Amino acid sequence: KAMKITTLYFSATYTTKRVVEAVAANLSNEVVAYDITNDSSTDEVAIPSDELLVVGVPVYAGRVPAMAVERLRRFRGNNTPAVAVAVYGNRHYDDAVLELHDIVSEGGFRTVAAGAFIAQHSIFPKVGASRPDADDFADIKAFAKRVSELLTGNFGEISLPGNRPYKVPGGIPIWPTASRRCTACGLCARLCPTGAIDPASPKGVDKTRCIKCGRCVAVCPTKSRRFYGIKYSLAAARFNSTFTTRRANEVWYAEGK
């Protein structure tokens, strides 16, 4: 009998979605997916103990995005096994893996394994460029194989890096806007998770709502929407020179019993 898997992800630039789907595909072909990037539903979803949750989030300034935390809380387990996946842009995951584990634990899930996987950075795309690549997907396959083995027996607690209380997320005062190539098609406004783009005037952005997730940059059909400006150029130069060294994916497993 095939294992039933629920995938659950917040994925503004679609990379976390790809990683979560790859983990799930290496475990089962019976998958139900929940994309909570634009889903503000408050209906509770119960996932029984004989299924598996594969949950993924991007890392924003070393944390799980606040919007994702809110949306993850409506998924409830019954001592249901879970795989926690954090996807980050080659800088560091800081407290995000631990925070994600804590969220699913509070929701009634048991973390059987966790992974921090690298992807192209959503604000500084030269960092982690073209990742996840073939080597990353090989790591994901090996990770899923070990998860499958653990699920056949009993497993105990998992030990994860990070700190409680979690770090206070910082940020750079930069926001994505459109160039003259913008055709005002409104796709970015329709797909923005926070409603930070006015459909009637989509070239700008509401800085009080924007979480710099990169969704508008990823979906723009004319590639006009980007992070621009002197502050961005200076920040990019520093970030690119500091974080270009390729980092390895990291994985953790619960202790077998």
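Refer to the structure printed above.
Remember, it's a predicted structure, so these values are computed and weren't measured experimentally.

### Quick look at the pairing of strand 6 (residues 80-88)
Where burial is concerned, most of strand 6 is hidden: 9 out of the 9 residues are buried. On strand 6, burial covers both faces: Thr80, Ala82, Ala84, Ala86 and Tyr88 on one face and Pro81, Val83, Val85 and Val87 on the other are all buried. When strand 4 (residues 52-58) meets strand 6, the two strands line up parallel, connected through 6 bridges. Looking at strand 6, one finds that Val54 is bridged to Val83. For strand 6 and strand 7 (residues 109-118), the ladder comprises 9 bridges, and the chain directions are parallel. Along strand 7, the bridge assignment pairs Pro81 with Arg110. Viewed along the sheet, the connection from strand 6 through helix 3 (residues 96-106) into strand 7 turns out right-handed.

### Regarding the packing of aromatic side chains
One pass over the structure, following the stated rule, counts 9 aromatic pairs. On the numbers, 5.9 Å between centres and 20° between planes, the contact of Phe227 with Tyr232 is stacked. The exposure classification of Phe227 matches that of Tyr232, with both residues buried. Of the aromatic side chains, those joined through ring pairs into one cluster are Phe124, Phe227, Tyr232, Phe239 and Phe243.

### Considering the side chain of Ser11
Within the secondary structure layout, Ser11 lies in the loop between strand 1 (4-9) and helix 1 (15-25). Here Ser11 is in contact with Thr16, Lys17, Thr37 and Arg215, once residues within four sequence places are set aside.

### What to know about the pattern of salt bridges
In the structure shown here, the tally under the stated rule is 13 salt bridges. Lys167 is the partner of Asp94 in a salt bridge, and the nearest nitrogen-oxygen pair spans 3.3 Å. Taken together, the residues Asp94 in the loop between strand 6 and helix 3 and Lys167 in the loop between helix 4 (134-151) and strand 8 (176-178) connect sequence positions 73 residues apart. Classification of Lys167 as partly exposed rests on a relative accessible area of 28%.

### Structural notes on the side chain of Arg131
Mapped onto the secondary structure, Arg131 falls in the loop between strand 7 and helix 4. For Arg131, a relative accessible area of 6% translates into the label buried. Those residues in contact with Arg131 that lie beyond four places of it in its chain are Thr15, Asn90, Ile118, Ala119, Gln120, Asp136, Arg246, Arg247 and Asn249.

### As for the layout of surface pockets
For the largest pocket, the calculated volume is near 940 Å³. Looking at the largest pocket, it is lined by 43 residues, and the ones nearest its centre are Val59, Tyr60, Ala61, Gly62 and Ile123. Those elements that place two or more of their residues in the lining of the largest pocket are helix 1, helix 2 (66-72), strand 6 and helix 7 (230-242). Here the lining of the largest pocket gets 3 residues from one element, more than from any other, and that element is helix 7.

### Considerations on the sheet that holds strand 4
The 6 strands lie next to each other as 2-1-4-6-7-10, forming an open sheet whose pairing is mixed. The outermost strands of the open sheet, each flanked by one partner alone, are strand 2 (30-35) and strand 10 (250-253). The mean angle between the axes of side-by-side strands here comes to 15°, regardless of whether they run parallel or antiparallel. Set on the sheet, helix 4 makes contact with strand 4, strand 6, strand 7 and strand 10; between it and strand 7 the angle comes to about 170°.

Procedures and definitions
- Residues numbered from 1 in each chain as written.
- Predicted model: local features only at pLDDT ≥ 70, side-chain atom pairs only at ≥ 80, totals over all residues.
- Heavy atoms only, no water.
- Buried < 20%, exposed > 50% of the residue type's maximum accessible area, 1.4 Å probe, protein only.
- Helix = DSSP H or I, 4+ residues; strand = E, 2+ residues; numbered from the N terminus.
- Pairing = 2+ DSSP bridges.
- Right-handed = clockwise from strand over helix to strand, strands pointing away.
- Phe/Tyr/Trp six-rings, centres within 6.5 Å; stacked < 30°, edge-to-face > 60°.
- Contact = heavy atoms within 4.5 Å.
- Salt bridge = Lys/Arg side-chain N within 4 Å of Asp/Glu carboxyl O.
- 1 Å grid on protein atoms, 1.4 Å probe; cavity = no way out; pocket = protein on both sides within 12 Å on 5 of 7 lines; lining within 4 Å.
- Points joined across faces, edges and corners; volume = space filled by probe spheres on them.
- Axes fitted to C-alpha atoms, helices over the stretch in contact; angles between N-to-C directions.

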